[in-house]
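The residues making up each chain are set out below.
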Amino acid sequence: FTDRGGLMEGIEVHRFHGMGRGLLATEAMPPEARVVQLPLDLCMTRASAIASAGRNTKLAKLYRGLDSEEDAIALFLLRERSLGAESDWKPYLDALPEFIPQGAYLTARQLDLLGDPISARNFKERGSSIEARHKSLRRELAALAGMAAGKETTPAAGGHLAGFELDDYRWALAVVSSRALTFRGERFLAPICDLFNYAPHPERRKHAGGDFYLKHHALDKQAGTLTVLADRPTAEGGQVFEDYGDNPSGLYLDHHGFVPRENPFDCVKVKLRPPTDGPLHGSALASAAQLLSRLGVPPHGLETCLPAPGKPSGGGRGGQGG
């Protein structure tokens, strides 16, 4: 990492009990201090995938032709993993978790135990969508499998795609959705930057649509760098945590594979009937409609996420460190 221009200031990678890897402060760290900076060519992106193809025009065309940037990075991960020791990304790939327990991959029994039919349905639908996406990418996956096997021809339709099957694709997507940093819709798998474990910021704030995240994560394409700043003070010897943003806990389960103990932006999904679907009339109907509007419920959108009641403090636990 550092040999290729990456900077780690006042931190080192450390394994924490019950949390896996994270970042340890080797010195007292004030808020807004620069913690990590790396050149963009150290990030796994669609652009770095295309660059990695070199003179292999077929591979570059494959990466360019994918509709989804998420799929481009996921297939880049699988391609590089198939290269083994020959991949320039092997140290990073070796550091990634082998399994990320996202909501889309929960069993029927686990979904039932959630006690949240709305989330359970959404998780199940996303799991089905991922299976459909894998099927739609069969041609591209077969091409990558053929390259990995050193063959000019791709495997026969319906044949086994070692290293590129559904479970492999699920893993790659889980890595991207749980670890990639997002700037205006563009995804970056950034080594070291994805080792910050989650804890809510100690100072409460209002929902600001991601402004807090962008204040501490800077993408400078002109300089070709990605920088992460400390979002809170950390004592020497303490773990350097990060607030992932103004997100409900369901998102962390669905995409990051954990549920925080404390989350000031958590909410409870509820299904509400429209006020017209009931016995209300006149002023009572108008009052009900006004109340739903104040709660942020669209006139025809019967599902919403209402702020959850306060939870006991104790610090957030979980994260993407692995």
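These numbers come from a predicted model, not from an experiment.

Residues of the protein with pLDDT of at least 70 account for 88%, and the chain-wide mean is 87. Per-element confidence in the protein ranges from a low mean pLDDT of 74 for strand β12 (residues 303–307) to a high of 98 for strand β4 (residues 34–39).

Among the five residues in strand β9 (residues 225–229), four count as buried, and that is most of the element. Alignment of β4 against β9, held across five bridges, turns out to be antiparallel. Opposite Arg34, over in β9, you have Leu229 as the bridge partner.

What follows covers the environment of Lys221. Summarising the element assignment, Lys221 is placed in the loop between β8 (217–220) and β9. In this structure the C-alpha to C-alpha distance between Lys221 and Pro39, which are 182 residues apart in sequence, comes to 9.5 Å. Ignoring any residue separated from it by four or fewer positions in sequence, one finds Lys221 in contact with Leu40, Glu186 and Phe188. In this structure the side chain of Lys221 is engaged in a polar contact, spanning 2.7 Å, whose partner is the side chain of Glu186.

Turning our attention to the nonpolar core. Among the nonpolar cores identified, the biggest contains 41 residues, and Leu75, Leu77 and Leu189 are the most heavily contacted of them. Among the elements of the structure, α1 (46–52), α2 (57–65), α3 (69–83), α4 (90–95), α7 (138–148) and α8 (166–179) are those that each provide at least two residues to this core. Sequence-distant contacts of Leu77, that is, excluding residues within four places in its chain, are made with Met44, Leu93, Leu96, Trp171, Ala172, Val175, Val176 and Leu189. Judged by nonpolar contacts, the second largest core, of 24 residues, contains Ile11, Met29, Leu42 and Val240.

Rules of the game
Residues numbered from 1 in each chain as written. Predicted model: local features only at pLDDT ≥ 70, side-chain atom pairs only at ≥ 80, totals over all residues. Heavy atoms only, no water. pLDDT = per-residue confidence, 0-100. Helix = DSSP H or I, 4+ residues; strand = E, 2+ residues; numbered from the N terminus. Buried < 20%, exposed > 50% of the residue type's maximum accessible area, 1.4 Å probe, protein only. Pairing = 2+ DSSP bridges. Contact = heavy atoms within 4.5 Å. Polar contact = N/O pair within 3.5 Å; in protein donor to acceptor, adjacent residues only side chain to side chain. Core = buried A, V, L, I, M, F, W, Y, C linked by side-chain atoms within 4.5 Å.

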